[in-house]
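Structural features, examined
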Amino acid sequence: MDKYEILKKYFGYDGFRPGQEELIDAILSGRDALGIMPTGAGKSVCYQVPALLLPGITIVISPLISLMKDQVRALNEAGVHAAYINSSLTETQIRRAMELACEGRYKIIYVAPERLQTPLFLHLTERVQISMVTVDEAHCISQWGQDFRPSYLNIVELVSRLPARPVVSAFTATATEEVRQDILCVLGLREPKVLVTGFDRENLYFEVRTGGKDAELLRYVKEHREESGIIYCATRKNVEAVCTALQMEDVPATRYHAGLSAEERRRNQDQFLFDEKPVMVATNAFGMGIDKSNVRYVIHYNMPQSMENYYQEAGRAGRDGARAECILLYSAQDVRINQFLLDEKEIREELTREEAQALRERDAQRLKRMTFYGTTKDCLRAYILNYFGERAPRRCENCSNCLHEFVEEDVTELCRDVVRCIRSMRRGYGAGTVASVLHGSGNAKLKSCGLDRLDCFGSQSGTAEFRIREVIGELLAEGYLAATPDKYALLSLTGSSGELLERQTIMKFSMPKEKKAAASGRRGKGAASELDSAAWQLFERLKALRLRIAGEQKVPPYIVFTDKTLIDMCVRRPASRSEMLAVSGVGEAKFERYGERFLEEIGR
Ligand code: ADP
């Protein structure tokens, strides 16, 4: 078999994605390789296809237990014999897996880096031919990165100890030059083929929303009830609050953060993977190594501290290549909380003062660039790609800024009222309270503080509270107002505030107008937006069948078939074995297992 036949037979795909073939060819010709590709680009295929063509075994080093489990499950489903060795197995299970490995049962073995030096594993390396060592998440070897794992250094020793030096291939989604150099150098790659693919993920739609976060979030999640999504929050407390709010609306949501027991984290994660609870509310502790391909949206309830974090987390949407949405709920308060957290952040002791200062400046700079993402009116995709050093067209027509129209609005009078209001308050209040006073809302808190007796109470009754908050956000960003750097963010006037009251000052902000028809028409149906209503109904039926099969087999639904594969079935409506095998993502093993049932459902 050649590489194309392998790709079709086991993975069900007709062609390679950009970069895959070059890396596979290099590996097959005996060269080391380093692939730098964004999440979802298809790195696994780059080493799994050659692993099946090389004579011996491929050892894949992967940092996370959940990732290994998922990959091995998917390979076995595809008809490839694979195993993993990590601390989730008992010694007896490991011994058994090793025996089978020695008998040549597996082509691919995933190993945790901590396991590389155990006697059992060393014994294996002496008995079998190892054709390739693959380092997944290779940035973990770099001391520059945030994810440095000392145990990754064991890989170097493993490679040098093997009787015949195998091909070494490494993969990561982290693109910075320092990390790349570290990987090449520490792993000792020999004249490697280095391939960096573009960072654009065409199937992802990017959006920034301002306004009341809770209402926006709830509306979105309810509109996308049938879909799986991740909601990232900055703190455990927010995770709890958001998750509870969703559950109260009968949304099947679960949660994940470092404050939960290991047992509960594992259980919640599984419920998410198996689509029993398709909505996950989590801190950034969740996600690395999560391979769930049918995540249809990632919402950031709070803004992360850098674009690197944002793109990595948002990139967990739409790994199957079908349409998915990445939404940032932006608020100026998050910027201040992040600033506060960075100021409080402990700097490693061994650093000199200059180094510590440089690190702080870097963090502040990163936060600034992240904040600009939240406020820019230019194409969001172009902003991201430029940030990562890539050129991009000025407009992508698939982000909220390209699809929204902006209008310049004169907000001079509103700004003046904001200043007057803050001036007339005896003590500091947050933006929410100021907005409520100006709008004139009748809530009890305002009455109990006597705020309903202020002159400016209700002076902006025709303006929605979230719009007033948006304008306050802009005034903060431009230095016309200040806020305490804590979670209360109490507002105060600055030296510039008085300028707003001067006659000649005119304040204009550009504000999003109604969405263009194209944008709203495309929304709502998520991944399957290209389907007509009959095909949409079929998609729903196929999803239900997939869920039943997944339950019977005890595997997550996306391991049976990805959303993208189901969508392709709805478009092609295969009626025979050969037609079914032409569907993207249907390989032979999967056809044997599930093909007939899906054919039957389509023919119904
Ligand atoms: P990464 O590790 O780069 O984040 P994965 O290896 O998990 O990405 O691949 C993402 C998705 O793309 C998977 O569902 C995979 O099956 C699919 N994929 C990979 N290669 C191809 C291809 N050549 N054609 C179609 N889909 C592919």
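Below, the discussion takes up the overall build of the chain. Scanning the chain from terminus to terminus reveals 26 helices and 17 strands. Taken over the C-alpha trace, the chain has a radius of gyration of 27 Å; the compact-globule value for 604 residues is 25 Å, and the two agree within 12%. Along the first, second and third principal axes, the C-alpha atoms of the chain reach 85 × 70 × 45 Å. Taken over 604 residues, the chain has a buried fraction of 54%. Expressed as a percentage of contacts within the chain between residues at least 6 apart in sequence, the contacts between residues at least 24 apart total 72%. Counting only carbon and sulfur atoms, one obtains 49% of the accessible surface of the chain, whose full area is about 27100 Å². Placing the 84 positive and 84 negative side-chain charges of the chain at their respective mean positions leaves the two points 2 Å apart.

A separate point is the sheet that holds strand β4 (residues 108-111). Strands belonging to one sheet form pairs held by backbone hydrogen bonds; the direction of such a pair is parallel or antiparallel. If you walk across this open sheet you meet the seven strands as β3-β4-β2-β5-β6-β1-β7, and the pairing is parallel. Sheet topology places β3 (82-85) and β7 (193-196) at the edges, where each strand pairs with a single neighbour. Pairwise comparison of adjacent strand axes, ignoring direction, gives a mean angle of 15° for this sheet. Where strand β2 (residues 57-61) meets β4, four bridges bridge the pair, whose relative direction is parallel. From the neighbouring strand, Thr-58 faces β4, where its bridge partner is Ile-108. In the packing of helix α3 (residues 43-53) onto the sheet, the strands contacted are β2, β4, β5 (130-135) and β6 (167-172), and the crossing angle to β6 comes to about 160°. Across the sheet, helix α7 (residues 154-161) is in contact with β2, β5 and β6; its angle to β5 comes to roughly 165°.

Bringing α3 into the picture now. Burial analysis of α3 places nine of its 11 residues in the buried class, the great majority of the element. Here α3 has its buried residues at Lys-43, Val-45, Cys-46, Tyr-47, Gln-48, Val-49, Pro-50, Ala-51 and Leu-52.

The next subject is the environment of Phe-539. Turning to its location among the elements, Phe-539 is positioned in helix α22 (residues 533-553). By relative accessible area, which is 3% here, Phe-539 ends up buried. Separated by 27 residues in the primary sequence, Phe-539 and Leu-566 place their C-alpha atoms 6.6 Å from one another.

Mapped onto the elements of the fold, Ser-228 is located in strand β9 (residues 228-232). Here Pro-278 takes part through its backbone oxygen, which lies 2.9 Å from a polar atom of the side chain of Ser-228. Apart from residues no more than four positions distant in its own chain, Ser-228 is found in contact with Phe-272, Asp-275, Pro-278, Lys-292, Asn-294, Val-295, Arg-296 and Tyr-297.

Attention now moves to the site of the ligand. Taken together, 15 residues lie near the ligand, and Tyr-13, Gly-15, Gly-40, Ser-44 and Arg-319 sit nearest. At a separation of 3.5 Å, an oxygen atom of the ligand approaches a polar backbone atom of Ala-41. Expressed as a share of its isolated accessible area of 570 Å², the protein-covered part of the ligand is 85%. In terms of residue count, the dominant contributor to the shell around the ligand is α3 (three residues). A class-by-class count of the residues in the shell around the ligand yields five nonpolar, six polar and four charged.

A few words on the confidence of the model for the chain. Scored by pLDDT, the chain comes out at a mean of 89, with 95% of its residues at no less than 70. In this model residues 515-524 is a low-confidence stretch, pLDDT under 50, and it forms 20 contacts with partners more than four residues away in sequence or in other chains.

Scanning the entire structure with this criterion turns up 14 aromatic pairs. Here Tyr-220 and Tyr-297 contribute two aromatic rings whose centre-to-centre distance is 5.0 Å and whose plane-to-plane angle is 75°, an arrangement assigned as edge-to-face. Within this pair, whereas Tyr-220 is found in helix α9 (residues 213-223), its partner Tyr-297 is found in strand β12 (residues 295-300), the two being separated by 77 residues in sequence. By relative accessible area, which is 2% here, Tyr-220 ends up buried. Considering the side-chain rings of Tyr-373 and Tyr-383, the 5.8 Å spacing of their centres and the 55° angle between planes classify their relative orientation as tilted. Of this pair, Tyr-373 sits in helix α14 (residues 353-375) while Tyr-383 sits in helix α15 (residues 380-387); the two residues are 10 residues apart in sequence, bridging distant segments of the chain. Three or more aromatic residues joined by ring pairs make a cluster, and in this case those are Phe-199, Phe-206, Tyr-311, Tyr-387 and Phe-388. Positioned above the aromatic ring of Tyr-301 is the side chain of Lys-213, whose terminal nitrogen or guanidinium carbon lies 5.2 Å from the ring centre. One cation-aromatic arrangement involves Lys-292 over Phe-272; the distance from NZ or CZ to the ring centre is 4.8 Å.

A word on the pairing of strand β11 (residues 279-282). Neither face of β11 is open: one carries Val-279 and Val-281, the other Met-280 and Ala-282, and all of them are buried. In terms of strand pairing, β9 meets β11 through four bridges, oriented parallel. Looking across to β11, one finds that Tyr-232 is bridged to Ala-282. Across four bridges, strand β10 (residues 253-256) lies against β11 in parallel orientation. Paired with Arg-255 across the bridge in β11 is Val-281. In terms of handedness, the path from β10 via helix α11 (residues 262-273) over to β11 forms a crossover that is right-handed.

About the criteria used
- Residues numbered from 1 in each chain as written.
- Predicted model: local features only at pLDDT ≥ 70, side-chain atom pairs only at ≥ 80, totals over all residues.
- Heavy atoms only, no water.
- Helix = DSSP H or I, 4+ residues; strand = E, 2+ residues; numbered from the N terminus.
- Rg over C-alpha atoms; globule rule 2.2 N^0.38 Å.
- Buried < 20%, exposed > 50% of the residue type's maximum accessible area, 1.4 Å probe, protein only.
- Contact = heavy atoms within 4.5 Å.
- Areas by Shrake-Rupley, 256 points an atom, 1.4 Å probe, with all protein chains shown as cover.
- Lys, Arg positive; Asp, Glu negative; His and termini not counted.
- Charge placed at Lys NZ, Arg CZ, Asp CG, Glu CD.
- Pairing = 2+ DSSP bridges.
- Axes fitted to C-alpha atoms, helices over the stretch in contact; angles between N-to-C directions.
- Polar contact = N/O pair within 3.5 Å; in protein donor to acceptor, adjacent residues only side chain to side chain.
- Near = heavy atom within 4 Å.
- Nonpolar A, V, L, I, M, F, W, Y, C, P; charged D, E, K, R; others polar.
- pLDDT = per-residue confidence, 0-100.
- Phe/Tyr/Trp six-rings, centres within 6.5 Å; stacked < 30°, edge-to-face > 60°.
- Lys NZ or Arg CZ within 6 Å of the ring centre and 35° of its normal.
- Right-handed = clockwise from strand over helix to strand, strands pointing away.

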